[in-house]
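Observations on the model geometry
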Amino acid sequence: MRLWIVTYLATALGFLGCDAVWLSLMASRLYRPALGGLLRDAFALAPAIAFYVIYIAGILIFAVAPARATGDWYGATRRGALLGLMAYATYDLTNQATLRDWPLAITLADLCWGTALTALAATIGFIVARWAGGSASTG
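Described in the following lines is the structure provided in the data block. These numbers come from a predicted model, not from an experiment.

Calculation rules
Residues numbered from 1 in each chain as written. Predicted model: local features only at pLDDT ≥ 70, side-chain atom pairs only at ≥ 80, totals over all residues. Heavy atoms only, no water. Phe/Tyr/Trp six-rings, centres within 6.5 Å; stacked < 30°, edge-to-face > 60°. Helix = DSSP H or I, 4+ residues; strand = E, 2+ residues; numbered from the N terminus. Buried < 20%, exposed > 50% of the residue type's maximum accessible area, 1.4 Å probe, protein only. Patch = residues over 30% accessible without salt bridge, like charges linked within 9 Å, V, L, I, M, F, W, Y side chains within 5 Å. Areas by Shrake-Rupley, 256 points an atom, 1.4 Å probe, with all protein chains shown as cover. Salt bridge = Lys/Arg side-chain N within 4 Å of Asp/Glu carboxyl O. Axes fitted to C-alpha atoms, helices over the stretch in contact; angles between N-to-C directions. Parallel < 35°, antiparallel > 145°, perpendicular 65-115°, else oblique. Left-handed = near helix turned anticlockwise from the far one by under 90°. Contact = heavy atoms within 4.5 Å. Nonpolar A, V, L, I, M, F, W, Y, C, P; charged D, E, K, R; others polar.

**What about the packing of aromatic side chains?**
- Counting across every chain of the model gives eight aromatic pairs.
- Judged by centre distance (5.1 Å) and plane angle (20°), the rings of Phe-51 and Tyr-55 are stacked. With a gap of four residues between them, Phe-51 and Tyr-55 both fall in helix 2 (residues 45-70), about one helical turn apart.
- Look at Tyr-55 and you get buried, because its relative accessible area is 8%.
- Here Tyr-55 and Tyr-88 contribute two aromatic rings whose centre-to-centre distance is 6.1 Å and whose plane-to-plane angle is 75°, an arrangement assigned as edge-to-face. One end of the pair, Tyr-55, is in helix 2; the other, Tyr-88, is in helix 3 (residues 73-98), with 33 residues separating them in the sequence.
- Members of the aromatic cluster, connected to one another through ring pairs, are Phe-15, Phe-51, Tyr-52, Tyr-55 and Tyr-88.

**Some remarks on a nonpolar patch on the surface**
- A cluster of nonpolar side chains, Phe-43, Leu-45, Ile-49, Val-53 and Ile-54, forms an exposed patch at the surface whose accessible area comes to about 550 Å².
- For Phe-43, the position within the fold is in the loop between helix 1 (2-35) and helix 2.

**Quick word on the packing of helix 1 against helix 2**
- Running from N to C, helix 1 and helix 2 cross one another at 120°; their axes reach a closest spacing of 10 Å. Of the possible angle classes, the one that applies to helix 1 and helix 2 is oblique. When you trace helix 1 past helix 2, the crossing you get is right-handed. Residues Leu-3, Trp-4, Thr-7, Tyr-8, Thr-11, Ala-12, Phe-15, Leu-16, Asp-19 and Leu-23 of helix 1 touch helix 2, and the partners they reach there are Phe-51, Tyr-52, Val-53, Tyr-55, Ile-56, Ala-57, Ile-59, Leu-60, Val-64, Ala-65 and Arg-68.
- Among the residues forming the contact of helix 1 with helix 2, the class breakdown is 17 nonpolar, two polar and two charged.

The structure is reproduced here in structure tokens:
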């Protein structure tokens, strides 16, 4: 259990740190100009926390754990990338299909970002799990 708590925290720190940089750099350059009045002045904390808690758990379950079972770090990266693409596509393509004037640029940027970010976070999680837990049968 300790192994997965450490892995979760490391994955979360990697994901949250990178996402915070992305959002702070891109909010005024991409999101605010493209989405204008749809954006809040400040994000709502409760749904943001819920997203991060659930999504980080998903990274561990769907990318880190299977890769750890095989000892293949690149498996964590690949599965993380696929999870990121699917999750961010769910959000953005649903918006593209249902919201008037949803910008294609937002969809494309989010798909690339979600894919890369989740792949990176899964890789971090795998490396930390391997470091903290030794062999795949431990933990």
